[in-house]
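Coordinates in review
Single-letter residue listing:
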Amino acid sequence: MHASQLSRLRVFFLSILAALGLPSPVLGFCHQIEVARREFRPVATAERANDIAIEWFGHSTFQITSSKGTRILTDPHGRQDLPWPSLPQHIVTTSHPHGPHSNIWMAKGTPIILEGLTPAGENWRPIHMSIRDVSVYVVPAYHDKSQGLQRGKNAIFVFRVDDICIAHLGDLGHHLTPDQLKMMGKIDILLVPLAGGMFTITPSEAREVTKQVNPRIAIPKHYWGDEAVEVYTEGHPNVKRVQGRTFIISRKELPPPTTIAVLWSGQR
């Protein structure tokens, strides 16, 4: 049996356990728990206990690493002109089945594959579970402003990692509704696309979505060139440009809303 099939079977059984109320490591979710935050301090490598690392590989691909070493790979891109992760992954998520967001073969090891949509993209998967020391769930959304009639559905993934709530918006194509914001919960770190036009919300719309979510940190993704970032950050009082594509943060170091952290200056 292929590794991805085994991973899907494991997800199926984890879902059954959750539905029956049987033990699988049960953690809190971001729509259930409020967490404390303080000062933001980017550094180069994980050096302290209870830190998480967020590394951007371009496009919508991030590797999120918990303090216990659990690695989550989001929307693997598959492009040869962008870096690829070198370490084995434990969890891989895909927001929709478009090629630049669903190259699960990028991931080394035998990770659990969490696909936000069914194979043809016709429906969202009911993902709401705990894996290792991470909680993860899907919030249904769309790739466009016409409820998927143009470009289909999109899955927002929310992770709770070391009491930090992270939302990966995938290829969000619209402003968030009150119901979606409620389902997401209190988000600490927002990974927000800026591609605009045919691909995602525009940089200006991304600025408005960021205000809707009101995260502690917002990280722009899925853009080409600095112009999109300039539009997104225009007039914002707290923008930090991180040297390199990785930063480390712990719960107690999270700032008040909202710091925009711009990672990396290579191709997107």
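Since the structure is predicted, the reported quantities are computational estimates derived from the model, not experimental observations. (Residues numbered from 1 in each chain as written. Predicted model: local features only at pLDDT ≥ 70, side-chain atom pairs only at ≥ 80, totals over all residues. Heavy atoms only, no water.)

**Points about the environment of Ser146**
Following the sequence through the fold, Ser146 ends up in the loop between strand S7 (134–142) and strand S8 (153–161). Residue classification places Ser146 among the partly exposed residues on the basis of a relative accessible area of 24%. Expressed as a C-alpha distance, the spacing of Ser146 and Gly173, which sit 27 residues apart in the sequence, is 9.0 Å. Polar side-chain contacts of Ser146 include one of 3.2 Å to the side chain of Gln150. (Helix = DSSP H or I, 4+ residues; strand = E, 2+ residues; numbered from the N terminus. Buried < 20%, exposed > 50% of the residue type's maximum accessible area, 1.4 Å probe, protein only. Polar contact = N/O pair within 3.5 Å; in protein donor to acceptor, adjacent residues only side chain to side chain.)

**Here's the deal with the sheet that holds S7**
Taken in spatial order, the eight strands line up as S6-S7-S8-S9-S10-S11-S14-S12 in an open sheet, and their pairing is mixed. The two strands at the open ends of the sheet, each matched to only one other strand, are strand S6 (128–131) and strand S12 (239–242). Ignoring strand direction, the axes of neighbouring strands in this sheet form an average angle of 25°. Examined bridge by bridge, S7 and S8 share nine bridges and lie antiparallel to one another. Looking across to S8, one finds that Val134 is bridged to Val161. Along the sheet, helix H3 (residues 203–213) makes contact with strand S10 (189–193) and strand S11 (217–221), crossing S10 at roughly 160°. (Pairing = 2+ DSSP bridges. Axes fitted to C-alpha atoms, helices over the stretch in contact; angles between N-to-C directions. Contact = heavy atoms within 4.5 Å.)

**Brief notes about the pattern of salt bridges**
The full count for this structure, using the stated rule, is seven salt bridges. Residue Arg245 is joined to Glu55 by a salt bridge in which the shortest nitrogen-to-oxygen separation is 3.0 Å. Highlighted residues: Arg245 in the loop between S12 and strand S13 (246–250) and Glu55 in strand S1 (residues 51–56), separated in sequence by 190 residues. Taking relative accessible area as the criterion, Arg245 reaches 27% and is therefore assigned partly exposed. Its relative accessible area of 17% is what places Glu55 among the buried residues. A salt bridge links Arg241 to Glu230, with the shortest nitrogen-to-oxygen separation between them at 2.9 Å. Of the two residues, Arg241 sits in strand S12 while Glu230 sits in helix H4 (residues 226–233), which places them 11 residues apart along the sequence. (Salt bridge = Lys/Arg side-chain N within 4 Å of Asp/Glu carboxyl O.)

**Things to note about the pairing of strand S3 (residues 71–74)**
On S3, burial covers both faces: Arg71 and Leu73 on one face and Ile72 and Thr74 on the other are all buried. The hairpin formed by strand S2 (residues 62–65) and S3 contains five residues between the paired strands, and Gly69 there has a positive phi angle of roughly 95°. Relative to strand S4 (residues 91–94), S3 is paired through three bridges, and the arrangement is parallel. When the bridges of S4 are listed, Leu73 appears paired with Val92.

**Some points on the pairing of S11**
For S11, the tally of buried residues reaches five of five residues, placing the bulk of the element in the interior. Across five bridges, S10 lies against S11 in parallel orientation. Residue pairing in the sheet places Leu190 in a bridge with Ala218 of S11. As judged from the two bridges shared by S11 and strand S14 (residues 259–263), these two strands associate in the parallel manner. Each residue of the ladder has a partner; that of Ala218, found in S14, is Ile260.

**Some points on unusual backbone geometry**
For the bond running from Pro257 to Thr258, omega is -15°, close enough to zero to count as cis. Along the polypeptide, Thr258 turns up in the loop between S13 and S14. At His222, a residue that is not glycine, the phi angle is positive and equals roughly 50°. Relative to the helices and strands, His222 resides in the loop between S11 and H4. Taking relative accessible area as the criterion, His222 reaches 1% and is therefore assigned buried.

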